Amino acid sequence: MSLHAQDDPALRAAQEERLRAVWKPPSGWFFRWTDVNNNRVGVWYTLTAFGFMLFAGVLALIMRTQLAVPENDLVSAATFNQLFTLHGSMMMFLFAVPMFEAVSIILLPQLLGARDLPFPRLSAFGYWSFLLGGVFVGGSIFFNAAPDGGWFMYPPLTTRTDLSGIGADIWMLGLSFIEVSSVAAAVELIVGVLKCRPPGMRLNLMPLYAWYILVVAVMILFAFPPLIAGDLLFEMERLLGWPFFDAAKGGDPLLWQHLFWIFGHPEVYIVFLPSIALFAMMIPTFAQRHLLGYPWIVLAAVGTAFLSFGLWVHHMFATGLPKISLAFFSAASEAVAIPTGVQIFAFIATLWAGKVKWSTPLLYASGSLAVFVIGGLTGVMVAIAPFDWQAHDTYFVVAHLHYVLIGGTLLPLFGGLYYFWPLITGKKLSDRLGRTAFWIMFVGINLTFFPMHLSGLEGMPRRVFTYPAELNIGWLNLASTAGSYLFASGVLVLVIDLALSPTRKKAPRNPWDAGTLEWLAHPDDEDWGIRSVPLIESRYPIWDQKNFVAKVDEGRFFLPDAEEGRRETIITSVLDAKPVSVIRLGTPSVKPMITAVALGSVFILTTYHLYLAAALFGVVTLGCVLWWLWDTAEIPEKPEKPIGHGMTMPLYLSGPAAPGWWAMFITMMADATAFSGLVFGYYFYWTIHPDFGVGFDWPGSAGPLFALACSLGSWAATVAARKVHRRGGVTAARGLLIAGAVAAAASMAAGLGSLDGLDPKANVYPAIVWVLVIWTVAHAAVGIVMQLYTLARSIAGKMDPAHDADLRNITVYQHFFALTAIVAYLTVGLFPEAGL
């Protein structure tokens, strides 16, 4: 198709009609719910996370009412424990992280000029997992079964079943299920940013929002898996009696704190950086100029992410750690203020250099910066170990935490809501109601949380359901309670504004006069998103590229048609965004929802110790996954297609250029991080116990080393199958896949056989050995499923030497499996020789 072909109105109309037919939503209410168009999934995701936030806010109001006066008896101590545990858990796990993922699923395709993200069904699976897990955890309070050990769930109070009820299991297994959805969203977002950018959008031309989301999604890969590893140990102690945190049998509760805070402190920045990303989009618009310091902001975001993983111990200053550890982590905690300050000052400088147009979104952005800076200053205070010893577990820390989270997450999200609402619905929210809501909330925030600094310094501890009048802090608590109701009133005004939105008239296109791609969206809300995938030459193409909007609308760029009646977008290279292929996207399907329900049943049934039923649903989940995957990586009806301007792109990719390869690699990075948490646990016990394992049976070297040899044999057979298959040796490749599966089965038998005589309930040494071996054996089993699945695809004619994405993707898995086997079997078989 030439550029001038688009001068024909009849041609443009025909192309638009074909696009409309391809991207139209499915008919019927049920199928509309299961539509995997990312815009709809993102909207449902956002509304659900917002609903969980409102519910958690009501729980907070009940707590504040209980604490309004001394010795109040509105709720019991047991109920109060459930309230604060569920409030913190829902705000962190069911609102802050999912909300940024939900917003990103809506915004990224439009910011990147893509028709959709590469795995829309994965986004749908993530949403259903989040919804089911959130309802399971949040609904527990209506049955007096909510978790009551705090959102950090410290052992041994929570691992001892005589001290904590089923709420601890609901928390652990329910939130583990939700963490699956977070990792799924991270995979989708990383691959989307790296591979779905429009032609010409090199890394240094990406919108800052995309940079922030890329950084945060990578952080999720390294922050969430250690908590998943900790969850595994936690539930094995509760359900099976394996003593990972039982000091009487060699365990140590501090291991849980390490694994939790390796997740918990980076999570603060995981929820903060996406809000900063919203600033990065709003501030240039209202300053009407390019953002100053773009490279420095990118480096500061990366630096913040890097430093955030070196801060976790500052939550553990009161646990008796060596002074050198206190000094190191205190210094790191102070250092993270530097990249944060770079970002904030770059935004201020942009406003200073521009012609500011004050608006409701910018009001929220400015107010949130003020609130966040107060929280940051108190954060510097608690980063100093001697002060932290005094303020630890007091209301001073509660005040600091909420100033940071509300200023760094909640208010920016509300500002982003007012900014992007016309993009999502085609209608603006009310400036009058928005400003009213802001000032009510701003006053309410400070009235609620500033007095908590004083009550904390006066000695009021956290997580107490009442306090004596003799402390003379009743007036401070009463002020905080009044402020909380004031803040809630501001949120109520915002909710009313949202409810009134459908009654308002359509807003003009790009009502803020922004310069980035997302504002190409048309008020008529066409389902295909962007009319044609543009060529990018600037960070603000709407401002800088001549007649840019008209050219996009007229289909003068790439992929302006849907000739084959398929949902498609362009895949580009990672660094310089050169077009490499056209990807065909998933269509509306119930498969993600059914798979999420099946997997959720595994977690829920395990919570109630219904292990046989949970195992059966595990098999159902495996079947659903295979059913889902069977129609992916299809062999296209033709090798390539024109995308416009004389360019022709292939319709099939495999290997490192393909999104599927990247998805497998990223998923395995998360898997390897979880495994490293378990290995960390093994060596943690070894370092704190000079006699670690002494007096207990040792698995010996022969069994683990033979299991390792078989595992490496399975890996080698898969690698050889990939190479032979690529050269046309289909039959030989099938034989090698069978040999790889047999070798993996032998490694499973040898690994499990090496555990004979080890009683995991007796001591932490045999327990952690069991965990490392079981983890590796489970990965061998998954590898067998992958090898047999690929074999079946080959036999069914869905894979050939020119279309081998399945085989190349499972080879990536095998590389990580081999690494897991090497570390696990050498650790338990050679170091230390515990039984000698």
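Scroll up to find the structure.
So, here's what we can say about the structure. Keep in mind that this is a model prediction, so the values were computed, not measured. (Residues numbered from 1 in each chain as written. Predicted model: local features only at pLDDT ≥ 70, side-chain atom pairs only at ≥ 80, totals over all residues. Heavy atoms only, no water.)

On to the overall build of the protein. Each helix and strand counted, the protein has 25 helices and four strands in total. Taking 28 Å as the expected radius of gyration for a compact globule of 836 residues, we find that the protein reaches 27 Å, a close match to that expectation. With the principal axes as the frame, the protein shows a C-alpha extent of 80 × 75 × 50 Å. Among the 836 residues that make up the protein, the fraction classed as buried is 59%. Of all intrachain contacts in the protein linking residues separated by at least 6 positions in sequence, the fraction that spans at least 24 positions is 82%. Of the accessible surface of the protein, which amounts to about 30,700 Å², a share of 70% is contributed by carbon and sulfur atoms. (Helix = DSSP H or I, 4+ residues; strand = E, 2+ residues; numbered from the N terminus. Rg over C-alpha atoms; globule rule 2.2 N^0.38 Å. Buried < 20%, exposed > 50% of the residue type's maximum accessible area, 1.4 Å probe, protein only. Contact = heavy atoms within 4.5 Å. Areas by Shrake-Rupley, 256 points an atom, 1.4 Å probe, with all protein chains shown as cover.)

This brings us to unusual backbone geometry. Each neighbour pair has its own omega, and for Pro155 with Pro156 the value is 0°, a cis peptide bond. Even without being a glycine, Asn472 presents a positive backbone phi close to 60°. Take Asn472: it is sitting in the loop between α15 (431-457) and α16 (474-500). You can call Asn472 exposed: its relative accessible area is 58%.

It is worth spelling out helix α7 (residues 208-240) at this point. With 33 residues, α7 should reach 48 Å at 1.5 Å per residue; the first-to-last C-alpha distance of 47 Å fits that figure. Taking burial as the measure, the 33 residues of α7 include 28 buried ones, the bulk of the element. (Expected span 1.5 Å × (residues − 1).)

Before going further, it helps to spend a moment on the pattern of salt bridges. Side-chain pairs of opposite charge can arise whenever the charged atoms involved come near each other. Enumeration according to the criterion identifies 22 salt bridges in this entry. The salt bridge partner of Glu563 is Lys641, with a shortest N-O separation of 3.3 Å. Of this pair, Glu563 sits in the loop between α18 (548-553) and β1 (568-572) while Lys641 sits in strand β3 (residues 640-644); the two residues are 78 residues apart in sequence, bridging distant segments of the chain. Overall, Glu563 belongs to the partly exposed group, its relative accessible area being 44%. (Salt bridge = Lys/Arg side-chain N within 4 Å of Asp/Glu carboxyl O.)

Turning next to the pairing of strand β2 (residues 579-584). A large share of β2 lies buried, amounting to five of its six residues. In terms of strand pairing, β1 meets β2 through five bridges, oriented antiparallel. Directly across from Ile571, in β2, lies its bridge partner Ser581. Joining the antiparallel neighbours β1 and β2 is a turn of six residues, in which Ala577 adopts a positive phi near 60°. (Pairing = 2+ DSSP bridges.)

Glancing now at the side chain of Thr569. Note that Thr569 resides in strand β1. Residue classification places Thr569 among the buried residues on the basis of a relative accessible area of 1%. Among the polar contacts made by the side chain of Thr569, one reaches the main-chain amide nitrogen of Arg115 at a distance of 3.2 Å. Apart from the residues within four sequence positions on either side, Thr569 is in contact with Ala114, Arg115, Asp116, Leu559, Ser581, Val582, Ile583 and Leu585. (Polar contact = N/O pair within 3.5 Å; in protein donor to acceptor, adjacent residues only side chain to side chain.)

This part takes up the side chain of Ser589. Residue placement: Ser589 occurs in the loop between β2 and α19 (591-607). Judged by its relative accessible area of 11%, Ser589 is buried. Polar contacts involving the side chain of Ser589 include one to the main-chain amide nitrogen of Lys591, which spans 3.0 Å.

Moving on: helix α6 (residues 167-195). In this model, α6 (29 residues) spans 42 Å end to end at C-alpha, consistent with the 42 Å of a helix rising 1.5 Å per residue. Of all 29 residues making up α6, 28 are buried, and the element is well covered by its neighbours.

Tyr209, Tyr212, Phe244, Phe414 and Leu494 are the most contacted members of the largest nonpolar core, which totals 248 residues. Per element, the largest residue contribution to this core is 22 residues, and it comes from helix α8 (residues 253-287). Filtering out sequence-adjacent residues up to four positions away, Tyr212 remains in contact with Leu273, Ile276, Ala277, Ala280, Ile297, Ala301, Gln343 and Phe347. (Core = buried A, V, L, I, M, F, W, Y, C linked by side-chain atoms within 4.5 Å.)

In this structure, β3 lies alongside strand β4 (residues 647-650), joined through four bridges in antiparallel fashion. Each residue of the ladder has a partner; that of Lys641, found in β4, is Met649. Here β3 folds back onto β4 in antiparallel fashion, the turn holding two residues, of which His645 has a positive phi close to 60°.

For the rest of this paragraph, the subject is the environment of Ala370. Tracing the backbone shows Ala370 in helix α12 (residues 360-382). With relative accessibility at 39%, the residue Ala370 sits in the partly exposed group.

Glancing now at the packing of helix α20 (residues 611-629) against helix α24 (residues 764-795). Interaxial distance between α20 and α24 falls to 12 Å at its minimum, and their mutual angle equals 35°. Every pair of crossing elements has a handedness; the one defined by α20 and α24 is right-handed. Where α20 abuts α24, its residues Leu622, Leu626 and Leu629 lie against Val785, Tyr789 and Arg793. Looking at side-chain class alone, the contact of α20 with α24 contains five nonpolar, no polar and one charged residues. (Axes fitted to C-alpha atoms, helices over the stretch in contact; angles between N-to-C directions. Left-handed = near helix turned anticlockwise from the far one by under 90°. Nonpolar A, V, L, I, M, F, W, Y, C, P; charged D, E, K, R; others polar.)

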